[in-house]
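Chain by chain, the residues:
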Amino acid sequence: MNGCIVGAGYVGQPLGAVLSSRYNITYVDINSDLVRSLSDHKPTIHEPGLEDLFKKNKERISATTDYSAVRNSDFVMLCVGTPQDMPWDTRYLEESASEIGRNLSKGTLIMVRSTVPVGTNRRLASIIERESGLKAGEGFYMCHCPERMRESKAIQDILNQEKIIGGLNRKSAELGAKIFDDMGIKTRIVSSPEAAEYIKLKTNELLATHIAIQNQMARECDALGLDVHEIREMVGSDPRITCTSTFIPGPGVGGYCLTKDSYILQKTLNEKGLHSKLIDVEREINNSQPLYVADEVKRMVEGGTIGILGLTFKGNTDDLRETPIKRIIESLKEHTLRIHDPHADPEEVRRFFGIEHVGLEDAVNSDLILIGADHDFYRNPEVQNLLRNRRVYDARNILDGDNVKKLGVGR
Ligand SMILES: NC(=O)c1ccc[n+]([C@@H]2O[C@H](COP(=O)([O-])OP(=O)(O)OC[C@H]3O[C@@H](n4cnc5c(N)ncnc54)[C@H](O)[C@@H]3O)[C@@H](O)[C@H]2O)c1
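Predicted, not measured: the structure shown is a model, and the values here were computed from it.

### Digging into unusual backbone geometry
Turning to step 1, where the next piece is worked out: Phi at serine 152 is positive, roughly 80 degrees, even though this residue is not glycine.
Turning to step 2, where the next piece is worked out: With respect to the helices and strands, the residue serine 152 is situated in the loop between strand S6 (141–144) and helix H6 (154–160).
Turning to step 3, where the next piece is worked out: Of note, asparagine 397 is a non-glycine position whose phi angle comes to about 55 degrees, a positive value.

### Focus on the packing of helix H8 (residues 193–224) against helix H9 (residues 228–235)
Turning to step 1, where the next piece is worked out: One can describe the packing of H8 onto H9 by two numbers: an axis separation of 9 Å at closest approach and a directional angle of 125 degrees. Taken together, the axis directions place H8 and H9 in an arrangement best described as oblique. Crossing of H8 over H9 shows right-handed handedness. On H9, the residues that touch Gln214, Met217, Ala218 and Cys221 of H8 are Val228, Ile231 and Arg232.
Turning to step 2, where the next piece is worked out: Grouping the amino acids of the contact of H8 with H9 by side-chain chemistry returns 5 nonpolar, 1 polar and 1 charged.

### Points about the site of the ligand
Turning to step 1, where the next piece is worked out: The full set close to the ligand counts 27 residues, and Val11, Asp29, Tyr67, Glu151 and Lys260 are the nearest of them.
Turning to step 2, where the next piece is worked out: With respect to the ligand, the side chain of glutamate 151 contributes an N or O atom lying 2.8 Å from a nitrogen atom.
Turning to step 3, where the next piece is worked out: Between an oxygen atom of the ligand and a side-chain N or O atom of arginine 321, the distance comes to 2.8 Å.
Turning to step 4, where the next piece is worked out: Burial of the ligand by the protein amounts to 89% of the accessible area it has alone, namely 840 Å².
Turning to step 5, where the next piece is worked out: When grouped by side-chain class, the residues that make up the shell around the ligand number 14 nonpolar, 7 polar and 6 charged.
Turning to step 6, where the next piece is worked out: Mapped onto the domain boundaries, the shell around the ligand takes at least three residues apiece from domain 1 (2–191) and domain 2 (204–406).

Calculation criteria
Residues numbered from 1 in each chain as written. Predicted model: local features only at pLDDT ≥ 70, side-chain atom pairs only at ≥ 80, totals over all residues. Heavy atoms only, no water. Helix = DSSP H or I, 4+ residues; strand = E, 2+ residues; numbered from the N terminus. Axes fitted to C-alpha atoms, helices over the stretch in contact; angles between N-to-C directions. Parallel < 35°, antiparallel > 145°, perpendicular 65-115°, else oblique. Left-handed = near helix turned anticlockwise from the far one by under 90°. Contact = heavy atoms within 4.5 Å. Nonpolar A, V, L, I, M, F, W, Y, C, P; charged D, E, K, R; others polar. Near = heavy atom within 4 Å. Polar contact = N/O pair within 3.5 Å; in protein donor to acceptor, adjacent residues only side chain to side chain. Areas by Shrake-Rupley, 256 points an atom, 1.4 Å probe, with all protein chains shown as cover. Domains from an automatic or database assignment.

What follows is the structure in structure tokens.
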């Protein structure tokens with residue numbers, strides 16, 4: 001079978017690479033540099049295991065900017081994003097749906113993997129109907145299967161997470177499920193595309209809320225002179241409370257999804273005359289967390305140099321989108337900052353933060369070190385050795401020692 005992955009970013013690349021173990025996969029993306037790199041079988045993102053899959057399955061992987069690739073496809077997976085400043089705006093998906101419609105062959109399955117406002121799949125289906133002249137559910141099939149993978153664990157998540165599928169009709173859902181069933185990946189059909197759309201938004205809202213609870217708890221423990229990690233463990237020993245063992249406090253919520261999906265859900269609810277105060281509170285706590293961390297750091301070092309280790313929104317990724325470290329850096333601009341990240345591209349770092357990326361030893365050679373992202377690289381004994389005699393503010397709970405002040409561990 002032939003499949004197209006439309007939108008080859010953080011979701012599209014690992015998804016296509018996993019599916020290429022069984023299907024011939026063509027990536028379609030408007031970014032010609034990215035397409036050139038994927039055509040050379042070189043992924044453009046840092047994701048554990050991705051390069052190996054590209055090497056292993058290279059005969060079954062191709063890439064193009066040309067939507068005519070859709071014509072020879074049995075299935076098309078839509079993975080383009082939405083604008084960061086207006087995440088409920090589905091114009092990129094609509095443009096993509098028009099192109100797919102203009103190039104569609106009878107009987108093709110279209111599966112939307114992007115995170116979208118409730119009602120979007122049905123609207124995209126009518127665009128495709130208009131452009132293709134085919135009827136949704138008969139001439140072509142359409143389902144929503146929201147992508148739930150986590151960056152840095154994308155491949156294992158794509159293989160192991162159950163796929164939630166809501167079809168425009170039963171046949172659409174079953175065809176969607178079959179693609180994964182045939183690869184031994186678990187699937188669950190839900191009642192409609194709208195149910196699948198809402199499940200994804202609600203999941204991310206709840207994840208962000210759990211993080212907000214942790215961030216609030218860290219601030220309370222700082223104020224009370226308690227250790228948030230001891231408290232989390234003990235609160236979580238009540239079997240009804242599961243979130244405290246899964247989530248830890250940090251410098252804020254970042255990344256492409258957890259920052260925007262609550263806004264998409266709020267917008268969807270507002271259009272139905274509802275407003276979620278819970279989302280307002282979650283956003284307020286998580287949005288102010290980088291400033292809380294920056295204030296804690298300022299309390300530890302007056303003037304002087306600060307080395308920041310880890311710039312991405314979480315560990316083991318190169319994704320700088322919506323990283324809370326950006327707001328921390330802005331708030332610390334009175335200080336001399338030396339910033340380091342083992343995965344981020346130095347050029348992109350300069351463009352994104354307006355500061356040069358430095359080597360690890362230069363960053364460590366500062367009056368205070370802030371641990372900003374929990375890359376495994378910083379857990380390595382050699383790096384830990386470098387940090388041993390340095391004053392450290394650990395916003396990620398990866399270090400121990402008298403020289404370390406941890407977020408949420410009041411003294
Ligand atoms: N990144 C994640 O961890 C993650 C996880 C689950 C779900 N999602 C959702 O998946 C979607 C994609 O996220 P992402 O992180 O991969 O975004 P991304 O920005 O990394 O990738 C999107 C890709 O789409 C391409 N594109 C844009 N318009 C296009 C068009 N008209 N035709 C073809 N290609 C086009 C862009 O060039 C880009 O390469 C979003 O809706 C996101 O919310 C992301």
